[in-house]
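Working through the structure, step by step
The primary structure of each chain is shown beneath.
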Amino acid sequence: MPRPKKIRKINNPPKIKGFRPIGQLSRKNPVVINFEEYEAIRLCDYELMDQLAASKTMEVSRPTFTRIYESARRKVASAFVDSKSIVFEGGKVNFDNEWFNCLTCGAFFNNPGANTSLTSCPLCGSSHFQNSDLQGLSCPEESHTQTDLTC
Amino acid sequence: MKVAISVNHNSLHAKLDLHFGRCAYFAIVDTRTKKVEFIENPYQNQESGIGKKVSQFINNLDVSRVIGFQFGVKIKEEFDQYKIQLIAVQDADKSVQDFVNMLTNH
């Protein structure tokens, strides 16, 4: 079994769910770009950080960052050349925030009054909830439903 | 306590609106009296900057929790500032009545 991936830290998740090519309806086989790959491109090519600084921001090693970044660039290139749509989804990531996930009703909720700790889900009252930071977001292979929160 | 739900029309069968700021109505649920009141969203057709206005509008309604399908980064910041709790339910099949039941059954 391969070593589990370290959780990557994401400061700004994408504001949209993806891109679609103009002039061609190709919803089939979209390129799935993970949040970590999006973040790698954002840090490197938008914030113009060097890879060492970017890797520190995402709390992964520099070689790992390079692998994430390279995979991201290849996916973007393949989407451009093969006119595929791009979907942002999944990845082993940790948003910089305070969202919780109720295990009973499946709702996500936050705690804006940070001084008081939560004891139950605000929607169904269940005490079975977890910090969604700890669990990371599931990979697209495992689940298609859970990943679209922009936090 | 009052809870605002972003919904697509004004009945108890209304479903969650997928875009919080541009929903047609807000269902305001009073968890103590179980009363539901529907208020039309005055900003649903505005072009931009609705996050700020909608969050202000909801804050003025004395609401302490908000239920929507999902929330964007900007509107989360606005609600954080008013200390309004956000609940994102990624289940477009739940109706207002379902939410009222869930909120009052504990």
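Heads up: these notes are all about the structure in this document. (Residues numbered from 1 in each chain as written. Chains lettered and ligands numbered in written order. Predicted model: local features only at pLDDT ≥ 70, side-chain atom pairs only at ≥ 80, totals over all residues. Heavy atoms only, no water.)

**Digging into the overall build of chain B**
Looking only at helices and strands, chain B features 3 helices and 5 strands. Put simply, chain B runs from its N terminus to its C terminus through helices and strands in the order β-β-β-α-β-α-β-α. Taking all 106 residues of chain B together, the buried fraction comes to 50%. In chain B, the share of contacts with a sequence separation of at least 24, taken over all contacts with a separation of at least 6, comes to 49%. A total accessible area of about 5,300 Å² is found for chain B, and carbon and sulfur atoms account for 44% of it. (Helix = DSSP H or I, 4+ residues; strand = E, 2+ residues; numbered from the N terminus. Buried < 20%, exposed > 50% of the residue type's maximum accessible area, 1.4 Å probe, protein only. Contact = heavy atoms within 4.5 Å. Areas by Shrake-Rupley, 256 points an atom, 1.4 Å probe, with all protein chains shown as cover.)

**As for the pattern of salt bridges**
Residues and elements named next belong to chain A. One pass over the full model with this rule turns up 7 salt bridges over all chains. Taking the shortest distance from any N to any O, the salt bridge between Arg8 and Glu36 comes out at 3.2 Å. Remark: Glu36 occurs in helix α1 (residues 35–46) and Arg8 occurs in strand β1 (residues 8–10); sequence separation between them is 28 residues. Arg8 gets classed as buried once you look at its relative accessible area, which sits at 6%. When the shortest N-O distance is used, the salt bridge between Arg74 and Glu70 registers 2.8 Å. Placement of both Arg74 and Glu70 in helix α3 (residues 62–81) is noted, with a separation of 4 residues, approximately one turn of the helix. (Salt bridge = Lys/Arg side-chain N within 4 Å of Asp/Glu carboxyl O.)

**Some remarks on the pairing of strand β2 (residues 25–30) of chain B**
All names here are of chain B. Direction of pairing for strand β1 (residues 2–7) relative to β2: antiparallel, over a ladder of 6 bridges. Counted as the bridge partner of Ser6 is Phe26 from β2. Two elements, β2 and strand β3 (residues 35–40), share 6 bridges in a ladder whose sense is antiparallel. From the neighbouring strand, Ala27 faces β3, where its bridge partner is Phe38. Hairpin connection from β2 to β3: 4 residues lie between these consecutive antiparallel strands, with Lys34 at a positive phi of about 60°. (Pairing = 2+ DSSP bridges.)

**Some words on the packing of aromatic side chains**
Counted according to the given criterion, the structure contains 8 aromatic pairs over all chains. Arranged with centres 5.1 Å apart and planes meeting at 65°, the rings of A:Tyr38 and A:Phe88 form a pair that is edge-to-face. Placement of A:Tyr38 in helix α1 and of A:Phe88 in strand β4 (residues 86–88) is noted, with a sequence separation of 50 residues between them. With a relative accessible area of 7%, A:Phe88 lands in the buried category. Arranged with centres 5.7 Å apart and planes meeting at 50°, the rings of B:Phe20 and B:Phe26 form a pair that is tilted. Of the aromatic side chains, those joined through ring pairs into one cluster are B:Phe20, B:Phe26, B:Tyr43, B:Phe57, B:Phe71 and B:Phe79. (Phe/Tyr/Trp six-rings, centres within 6.5 Å; stacked < 30°, edge-to-face > 60°.)

**Some points on the layout of surface pockets**
Residue and element names in this part refer to chain A. One number sums up the size of the second largest pocket: a volume of about 380 Å³. Taken together, 17 residues form the lining of the second largest pocket, with Phe19, Tyr38, Ile41, Arg42 and Phe88 sitting closest to its centre. When contributions to the lining of the second largest pocket are tallied by element, the ones reaching two or more residues are α1, α3 and β4. Top contributing element to the lining of the second largest pocket by residue count: α1, with 6 residues. A class-by-class count of the residues in the lining of the second largest pocket yields 12 nonpolar, 1 polar and 4 charged. (1 Å grid on protein atoms, 1.4 Å probe; cavity = no way out; pocket = protein on both sides within 12 Å on 5 of 7 lines; lining within 4 Å. Points joined across faces, edges and corners; volume = space filled by probe spheres on them. Nonpolar A, V, L, I, M, F, W, Y, C, P; charged D, E, K, R; others polar.)

**Considering helix α1 (residues 50–60) of chain B**
Residues and elements named next belong to chain B. Of all the positions in α1, only Ile50, Gly51, Val54, Ser55, Phe57 and Ile58 are classed as buried. One side of α1 carries all its buried residues, which in axial view fall inside an arc of 160°. Residues of α1 that are exposed and point over 90 degrees away from its buried face: Lys52 and Asn60. Buried residues along α1 sit in contact with β1, β2, β3, β4 (65–68) and α2 (73–81). Two residues or fewer past α1, Asp62 is found with a positive phi of approximately 65°. (Arc of directions from axis to C-beta.)

**Some thoughts on the sheet that holds strand β3 (residues 31–33) of chain A**
All names here are of chain A. Judged by pairing direction, the sheet is mixed, and its 3 strands sit side by side in the order β2-β4-β3 without closing on themselves. Both edges of this open sheet fall to β2 (18–19) and β3, since each of them pairs with a single strand only. Here β3 runs beside β4; their pairing, made up of 3 bridges, is parallel. Across the sheet, Ile33 pairs through a bridge with Phe88, a residue of β4. Relative to β3, α1 is tilted by about 70°, and along the sheet it contacts β3 and β4. Those strands touched by α3 are β3 and β4, and its axis lies near 150° from that of β3. (Axes fitted to C-alpha atoms, helices over the stretch in contact; angles between N-to-C directions.)

No statement about biological role is implied by the geometric values presented.
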